[in-house]
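Geometric and topological summary
Residue strings, one per chain:
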Amino acid sequence: MPTLNLEGKEVKILDVGCGTGLLGELVQNELSKVEDMHVDLQIDGLDLTEAMIDEAKSRDVYSELWNADLNENLPEGVDLGSYDLVVSSGAFRAGQLGPSSLEHLLQPLKPGGLACFTVDLKAWEKESYQQALKKLVSDGECIIRQINRADYLPALRKDCSVVVLAKTKSQDNIVQE
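Residues numbered from 1 in each chain as written. Predicted model: local features only at pLDDT ≥ 70, side-chain atom pairs only at ≥ 80, totals over all residues. Heavy atoms only, no water.

**Some details on the nonpolar core**
Note the threshold: Among buried residues, those of type Ala, Val, Leu, Ile, Met, Phe, Trp, Tyr and Cys that are joined through side-chain atoms within 4.5 Å constitute a nonpolar core. Each residue's exposure class comes from its accessible area (1.4 Å probe, protein chains only) as a fraction of the maximum for that residue type: buried when under 20%, exposed when over 50%, partly exposed otherwise. A run of DSSP states H or I qualifies as a helix once it reaches four residues; a run of E qualifies as a strand once it reaches two. Both are numbered from the N-terminal end. Contacts are residue-level and defined by heavy atoms, with any inter-residue pair within 4.5 Å sufficient.
Residues L105 and F117 are the most contacted members of the largest nonpolar core, which totals 28 residues. Those elements that provide at least two residues to this core are β1 (10-16), β4 (83-92), α3 (102-106), β5 (109-120), α4 (121-126), α5 (129-138) and β7 (158-167). Excluding anything up to four places from it in sequence, F117 contacts S88, F92, L102, L105, S161, V162, V163 and L165. Within the second largest apolar cluster, 16 residues are counted, among which are L31, I53, Y62 and L114.

Below, the structure written as structure tokens:
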């Protein structure tokens, strides 16, 4: 299982497609349970809809929240190359974030930072996620640390692919449009 050394430092996490803020809240709660872990945690989020941003604000988890469509680009204010971890759960699916947004998912990460996200299994099989990942790897942008199939919403019989990428390139080598 890929890991980050979080001990004794500032840790920046970006929650992409943060929705109502459930994932950000879960991450914050789980990290707070780790005994003797001393981190200065900053969780930021972005989502496509303003209504979801308003819900996420009410959880009091996020330092910054942006209304943005990652299919197009990252919003101004997201510090490129500064995040240790980018997470996303439920945003990569038909009608939401597509394979072309994977490149934008890596841009906020520091070299060595991890992107951990789910892709709806139907979208994974029908859209070109695997080709997009192969291109990112062949371009030297990242390495694939893990791809697994998992129960995403078992009650609805929804499965997903869980993907973990490690960024390899410096942000200095990436041109933002």
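**So, helix α1 (residues 22-33)**
Threshold: How far a helix is expected to stretch is found by multiplying one less than its residue total by 1.5 Å. Here the arc refers to the directions that run from the helix axis out to each C-beta atom.
Between the first and last C-alpha of α1 there are 17 Å, a value that for twelve residues agrees with the 16 Å anticipated at 1.5 Å per step. Looking at α1, one finds that the buried residues are G24, V27 and L31. Buried residues of α1, seen end-on, are gathered within an arc of 65 degrees and therefore sit on one face of the element. In α1, the exposed residues that point more than 90 degrees away from the buried face are L22, S32 and K33. Where α1 is buried, its residues contact β1 and β2 (40-47).

**Here's the deal with the packing of aromatic side chains**
Under the convention used in this document: In summary, the pairing rule links any two rings of Phe, Tyr or Trp, Trp by its six-membered ring, whose centres are within 6.5 Å, and it sorts them by plane angle into stacked for under 30 degrees, edge-to-face for over 60 and tilted for everything else.
Across all of its chains, the model carries three aromatic pairs by this definition. On the numbers, 6.3 Å between centres and 75 degrees between planes, the contact of F92 with Y129 is edge-to-face. Separated by 37 residues along the polypeptide, F92 in strand β4 and Y129 in helix α5 bring together distant segments of the chain. For Y129, a relative accessible area of 1% translates into the label buried. Geometrically, the ring pair formed by W124 and Y129 is stacked, given 6.1 Å between the ring centres and 15 degrees between the ring planes. Each of the two residues, W124 as well as Y129, counts as buried. An aromatic cluster is present here, built from F92, F117, W124 and Y129 joined pairwise through their rings.

**Points about the side chain of H104**
Along the chain, H104 falls in helix α3. Judged by relative accessible area, which is 12%, H104 ranks as buried. Not counting residues up to four positions away in its chain, the partners in contact with H104 are L70, N71, E72, N73 and L74.

**Side note on a positive patch on the surface**
Stated formally: Here, patches come from residues exposed beyond 30% relative accessible area and free of salt bridges, joined within 9 Å for like charges and within 5 Å for nonpolar side chains (Val, Leu, Ile, Met, Phe, Trp, Tyr). Reported accessibility uses the Shrake-Rupley method at a 1.4 Å probe radius. Residues are deemed covered only where the shown protein chains occlude them. A carboxyl oxygen of Asp or Glu within 4 Å of a side-chain nitrogen of Lys or Arg is what we treat as a salt bridge. A positive count includes Lys and Arg, and a negative count includes Asp and Glu. His and the chain ends are not counted in either. For the purpose of locating charges, the reference atoms are NZ of Lys, CZ of Arg, CG of Asp and CD of Glu.
A cluster of basic residues, R93, K122, K126 and K158, forms a positive patch at the surface. As for its position among the elements, K126 is in helix α4.

**A word on the environment of S161**
Mapped onto the secondary structure, S161 falls in strand β7. A residue is classified by how much of its surface remains accessible, and S161, at 4% relative accessible area, is buried. Considered as a pair, S161 and L121 are 40 residues apart in the sequence and their alpha carbons are 5.9 Å apart. Those residues in contact with S161 that lie beyond four places of it in its chain are F117, T118, V119, L121, W124, N148 and R149.

**Observations regarding the pattern of salt bridges**
Note on pairing: side chains with opposite charge can pair once their charged atoms come close. Inspection of every chain in the model, using the stated rule, returns five salt bridges. With a closest N to O distance of 3.5 Å, D79 and K12 form a salt bridge. Here D79, found in the loop between β3 (65-67) and β4, pairs with K12, found in strand β1; they are 67 residues apart in sequence, far enough to count as distant. Judged by relative accessible area, which is 10%, K12 ranks as buried. For the salt bridge of D84 with K110, the shortest nitrogen-to-oxygen distance reads 3.2 Å. Taken together, the positions of D84 in strand β4 and K110 in strand β5 put the pair 26 residues apart, joining distant regions of the chain.

What is shown is where atoms sit, not what they do.
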